[in-house]
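A look at the structure
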Number of protein chains: 2
Amino acid sequence: MSRRRVTLADVAKIAGVSPTTASLVLSGRGRELRISQDVEQRVLKAAAELQYRPNIVSVGLRTGTTRTIGFISDTVATSRLAGDMIKGALEAARERGFMLFIGETEGDAELERLLLQAMHDRQVDGIILASMYTRTIRVPKGMAAAPAVLLNALPKQPSPLPSVIPDEIEAGRVAAKALLDAGHREGIHLIGAGPGRRNVPPGGSVAAVERLIGIREVLAEAGVKPAGGHVCPDWQPEYGLAATRALLQKERPRALICFNDRVALGAYQALDDFGLKVPADVSVVSFDDHPIAAWMRPQLTTVALPHYELGRKAVDVLFTEIGRDREDDGGEGEVHRVPMPIRVRESVASPGA
Amino acid sequence: MSRRRVTLADVAKIAGVSPTTASLVLSGRGRELRISQDVEQRVLKAAAELQYRPNIVSVGLRTGTTRTIGFISDTVATSRLAGDMIKGALEAARERGFMLFIGETEGDAELERLLLQAMHDRQVDGIILASMYTRTIRVPKGMAAAPAVLLNALPKQPSPLPSVIPDEIEAGRVAAKALLDAGHREGIHLIGAGPGRRNVPPGGSVAAVERLIGIREVLAEAGVKPAGGHVCPDWQPEYGLAATRALLQKERPRALICFNDRVALGAYQALDDFGLKVPADVSVVSFDDHPIAAWMRPQLTTVALPHYELGRKAVDVLFTEIGRDREDDGGEGEVHRVPMPIRVRESVASPGA
DNA sequence: TCGCACTGCTAATCCGATTTAGCAAACCTG
DNA sequence: CAGGTTTGCTAAATCGGATTAGCAGTGCGA
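Predicted, not measured: the structure shown is a model, and the values here were computed from it.

Examining the relation of the copies chain B and chain A
When chain B is brought onto chain A, the operation consists of a screw motion whose angular component is 180° and whose axial shift is 0.0 Å, with 0.1 Å RMSD remaining. Expressed as an axis order, the relation between the two copies is that of a two-fold axis. Comparing interface residues between copies, 100% of those in chain B also sit at the interface in chain A, which points to an isologous, same-surface contact.

Take a look at the structure:
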């Protein structure tokens, strides 16, 4: 709690030059502005000796850029899922010398407004507005003041903001393909949504709609018709359990595509209740790669939500956005889709086995 | 991306006063400096109309205070555990109008140094250095530059920094008491550490040592001797499984105190393998309240790590620290212990049942 | 009526950088 | 050798507030 920070003036004094010259040298513009080698060396040496570091607050005031970005998430920014997203963003930001402000709105629009203000008051260079599950959101007014990106969310109304979301359609394709590749052609049931395009849970979950599109597409291409589909009002274990039980009372499926891992947990239990083995009797493939997927026995094959990559990508996109508005300012609300990788574990086998 | 921010000068102009006056009024010092009611109202009105908000970067430059604190954690700041800690810190900070910078060192001392620098470059008002599991840490040099608090960590060498840690000793007492209260007196086994004071896993985990102290204290007071103890090299399910299996081959315990929930998970499996029911045959109490504790069947009674409260407390302590060093600067490295509440679920019953 | 205290406000300075405008010396050129 | 260019560097303004010093105007006592 003692020694005053070293300032540019200190460096200049030691080097025997003006602060202007020191600034020029240290910002790398010395060469272009014809500062002599000798002076340049003196300044560099002085800066190194004093361990000079520019005060970013000061730079921020003068230049308006604080090398800082704000990360606001709607709900618990700090669940395991969100954590990985933040981690990705954190690392991508750090690689560019940026720091992250974190904020949580808890779904409260007023809080969201306050956080946006607080961040703008601190002159952030850009803002990432994240949702914990993929969905459409109303873009708050305060967003226009700085470059911004929607993460895991699409704008409800048309907006110039770019979005970064998981590629759920491709995920649907991958899940379906995993079963086809294992040799499944019949008795493929959907748990959580489907079989029709419009059989999705209420609430406008993007995941339901898009996963279904991908699944249907691949099955259709292979000439396979899903044997059935079961919408769950919410993707929780108890609904997965109930839906699968109901199914098992009528027929014996060969494979289940569960719409997320919690539903799959319920399905596992139902299968167990009916004495069916995974994957020998019934293959199961799912989505999300929730931590429980690796805890389940047999371990669940699932198409992962790439939270870490989503976070990284959001920062990447934000930087192009920051770069952009110095030149033209024509954002077009592009949507960036991040691939969802499948985690092959133990829950899929060929139907013959 | 358009309208310039409203500045104090704008407000002053509209109100027809000097920026000085406007500043005085808005910082609440108008009264004491004899600004007339009339002028005060004009300034307030103008500020409200223009929706004026002070630029914190500017204030930071002049006053040195940025209403910002840095939160650095050693490992994955973004695991579920860390998440709650951050959430607690976030909310406590927000309540005072502060924002949080987040940083992750991943155990890398060099990265830690860089993060500290980056935060000091941004003039944070204070720093929270957090560990993901309770342990002693070497306090980095860069800490002296601003008020700081250790969270979930104790300084390895004597240090003036205050610490905030969970009250593991009391947790040990509470766990033991839970069994005593249920009527257990015999066949109480410790899985993970013990029974002797020095039977702890390598690595210097604070939790092992302190939980053991609390457990032994309460049992001793009740005149009860633990029937046995089993050190696990690491508190993972497989070791809990192995230790419990080994135990069951020799004798039949009536109650287990597992040193964390993952160990308990392994113990559950071993008990199941031997056909023993929880809690009818064997009661189990554990520590951490890891998310799996609520997933396990029967649900696990466990003494919770209060991550959220730890985060809040760290911010509280940091603020007294920030307040302190304006006056005297005598920090004394106090240790603040946060209570660990027991989550009573289904895994403890009376031995008679 | 002069001098002093008080009231009510403002000019000027500062924080630590960046950036613009410009100056003195050396160097050409005709 | 006067006049223009180039070289190499610096003074001063700026960002948006907080803070210090101080300045008019009024009231009042002597």
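On we go.
Looking at the protein's contact with DNA strand C
In the neighbourhood of DNA strand C, 22 residues make up the surrounding shell, with Leu8, Ser23 and Arg62 of chain A together with Thr21 and Ser36 of chain B lying closest. Of what DNA strand C places within 4 Å of the protein, 53% of the atoms are sugar or phosphate. Within the side chain of Ser58 of chain A, one N or O atom sits 2.7 Å away from a base nitrogen of DNA strand C. Here Thr20 of chain B contributes a side-chain N or O atom positioned 2.9 Å from a base nitrogen of DNA strand C. Looking at the surface near DNA strand C, the elements with two or more residues in it are α2 (19–26) and α4 (56–63) of chain A together with α2 (19–26) and α4 (56–63) of chain B. The element best represented in the surface near DNA strand C is α4 of chain A, accounting for 4 residues. Of the residues belonging to the surface near DNA strand C, the class tally is 9 nonpolar, 10 polar and 3 charged.

Description of the protein's contact with DNA strand D
Close contacts around DNA strand D come from 23 residues, with Thr21 and Ser36 of chain A together with Leu8, Ser58 and Arg62 of chain B the closest. When atoms of DNA strand D within 4 Å of the protein are sorted by moiety, sugar and phosphate together comprise 51%. In this structure, a phosphate oxygen belonging to DNA strand D sits 2.4 Å away from a side-chain N or O atom of Thr21 of chain A. Taking Leu8 of chain B, its main chain carries an N or O atom lying 2.6 Å from a phosphate oxygen of DNA strand D. Contributions of two or more residues to the surface near DNA strand D are made by α2 and α4 of chain A together with α2 and α4 of chain B. Per-element tally for the surface near DNA strand D: the top contributor is α4 of chain B, with 4 residues. A per-class count over the surface near DNA strand D returns 10 nonpolar, 10 polar and 3 charged.

Points about the sheet that holds strand β4 (residues 148–155) of chain A
Overall, mixed pairing links the 12 strands, which are arranged β11(A)-β5(A)-β4(A)-β3(A)-β1(A)-β2(A)-β2(B)-β1(B)-β3(B)-β4(B)-β5(B)-β11(B) in an open sheet. Two strands lie at the open edges of the sheet, namely β11 (335–338) of chain A together with β11 (335–338) of chain B, each paired on one side alone. Averaged over all neighbouring strand pairs, the angle between strand axes comes to 25°, with direction disregarded. As defined by bridge partners, strand β3 (residues 126–137) of chain B adjoins strand β4 (residues 148–155) of chain B across 7 bridges and the pair is classed as parallel.

Here we look at the domain arrangement of chain A
When its domains are assigned, chain A resolves into domain 1 (8–54), domain 2 (63–165 + 307–338) and domain 3 (168–305). Computed from C-alpha atoms alone, the centre-to-centre distance between domain 1 of chain A and domain 2 of chain A is 36 Å.

Some words on the packing of aromatic side chains
Residue and element names in this part refer to chain B. Throughout the structure, instances matching the rule amount to 7 aromatic pairs over all chains. Centroid distance Phe259 to Phe287: 6.0 Å. Interplanar angle 40°. Geometry classified as tilted. Here Phe259, found in the loop between β8 (255–258) and α10 (261–273), pairs with Phe287, found in strand β9 (residues 283–288); they are 28 residues apart in sequence, far enough to count as distant. The class for Phe259 is buried, based on a relative accessible area of 0%.

Remarks on the sheet that holds strand β7 (residues 228–231) of chain A
Residues and elements named next belong to chain A. The strand order across the open sheet built from 6 strands is β7-β6-β8-β9-β10-β12, with neighbouring strands paired in mixed fashion. Lying at the two open borders of the sheet, with one neighbouring strand each, are β7 and β12 (342–343). Looking at chain direction, strand β10 (residues 301–304) and β12 are connected through 2 bridges and run antiparallel. Its bridge partner lying in β12, Thr302 is registered against Arg343. Sheet strands touched by helix α9 (residues 237–250): β6 (188–192), β7 and β8 (255–258). Its angle to β6, the strand with the most contacts, is close to 150°.

Considerations on unusual backbone geometry
A cis amide bond, omega -10°, links Arg297 of chain A with the succeeding residue Pro298 of chain A. Structurally, the position occupied by Pro298 of chain A is in the loop between α11 (292–295) and β10. For the peptide bond that leads from Val278 of chain B to Pro279 of chain B, omega is 0°, which places it in the cis range. Secondary-structure assignment places Pro279 of chain B in the loop between α10 and β9. Positive phi values are uncommon outside glycine, yet Gln123 of chain A reaches one of about 60°. Of note, Gln123 of chain A is situated in the loop between α6 (109–121) and β3 (126–137). Backbone geometry places Gln51 of chain B, a non-glycine residue, at a positive phi of 55°. Assignment of secondary structure puts Gln51 of chain B in the loop between α3 (37–50) and α4. When its relative accessible area of 63% is taken as the criterion, Gln51 of chain B is described as exposed.

Considering the interface of chain B and chain A
Quoted interface sizes are often the accessible area lost when the parts come together. Each partner contributes residues to the interface: chain B has 50 residues there, and chain A has 51 residues. Overall, the association of chain B and chain A removes approximately 4200 Å² of surface from exposure, summing both partners, and the carbon and sulfur fraction of that is 62%. The interface formed by chain B and chain A holds 8 salt bridges in total. Residue Asp121 of chain A is joined to Arg5 of chain B by a salt bridge in which the shortest nitrogen-to-oxygen separation is 3.0 Å. Linking chain B with chain A are 20 residue pairs in polar contact (both at pLDDT 80 or more). Of all the elements in the fold, those that place two or more residues in the side of chain B that touches chain A are α4, α5 (80–95), β2 (99–104), α6 (109–121), α10 and α11 (292–295) of chain B. For the side of chain B that touches chain A, the element with the highest residue contribution is α5 of chain B, accounting for 8 residues. When grouped by side-chain class, the residues that make up the side of chain B that touches chain A number 24 nonpolar, 12 polar and 14 charged.

Definitions and cut-offs
- Just so you know, the residues in each chain are numbered from 1, in the order the chain's sequence is written.
- Following the order in which they are written, the chains are lettered starting with A and the ligands numbered starting with 1.
- In keeping with the predicted nature of the model, local features appear solely for residues at pLDDT of at least 70, side-chain atom pairs appear and are counted solely at 80 or more, and the whole-chain, interface and lining totals rest on all residues.
- Excluded from the side-chain calculations are hydrogens and water; all other atoms, namely the structure's heavy atoms, are used.
- Least squares is the method for superposing the copies, and the C-alpha atoms it fits come from residues with pLDDT of at least 70 in both.
- When checking whether two residues touch, look at their non-hydrogen atoms; a contact exists if any pair is within 4.5 Å.
- When at least one non-hydrogen atom of a residue lies within 4 Å of a molecule or strand, that residue is treated as near it.
- Throughout this description, a polar contact denotes any pair of N or O atoms lying within 3.5 Å of each other; where both atoms belong to protein, one of them has to be capable of donating a hydrogen while the other can accept it, and for residues adjacent in sequence the pair is counted only when both atoms sit in side chains.
- A run of H or I in DSSP becomes a helix once it reaches four residues, and a run of E becomes a strand once it reaches two; helices and strands are each numbered from the N terminus.
- Residue polarity follows a fixed list, in which Ala, Val, Leu, Ile, Met, Phe, Trp, Tyr, Cys and Pro are nonpolar, Asp, Glu, Lys and Arg are charged, and the others, Gly among them, are polar.
- Any two strands with at least two DSSP bridges between them are considered paired.
- All axes here are fitted lines through C-alpha atoms, helices being fitted over the stretch that makes contact, and every angle between N-to-C directions spans 0 to 180 degrees.
- Each domain's extent was defined by an automatic or database domain assignment.
- Note on ring pairs: Phe, Tyr and Trp rings are taken, using the six-membered ring of Trp, and paired if centres are within 6.5 Å. Classes follow the plane angle, with under 30 degrees stacked, over 60 edge-to-face and the rest tilted.
- For every residue, the accessible area (1.4 Å probe, protein chains only) is compared with the maximum for its type, and the residue is labelled buried under 20%, exposed over 50%, or partly exposed between those bounds.
- Buried area: the accessible surface (1.4 Å probe) lost by two parts on joining, summed over both.
- Salt bridge criterion: a side-chain nitrogen from Lys or Arg within 4 Å of a carboxyl oxygen from Asp or Glu.

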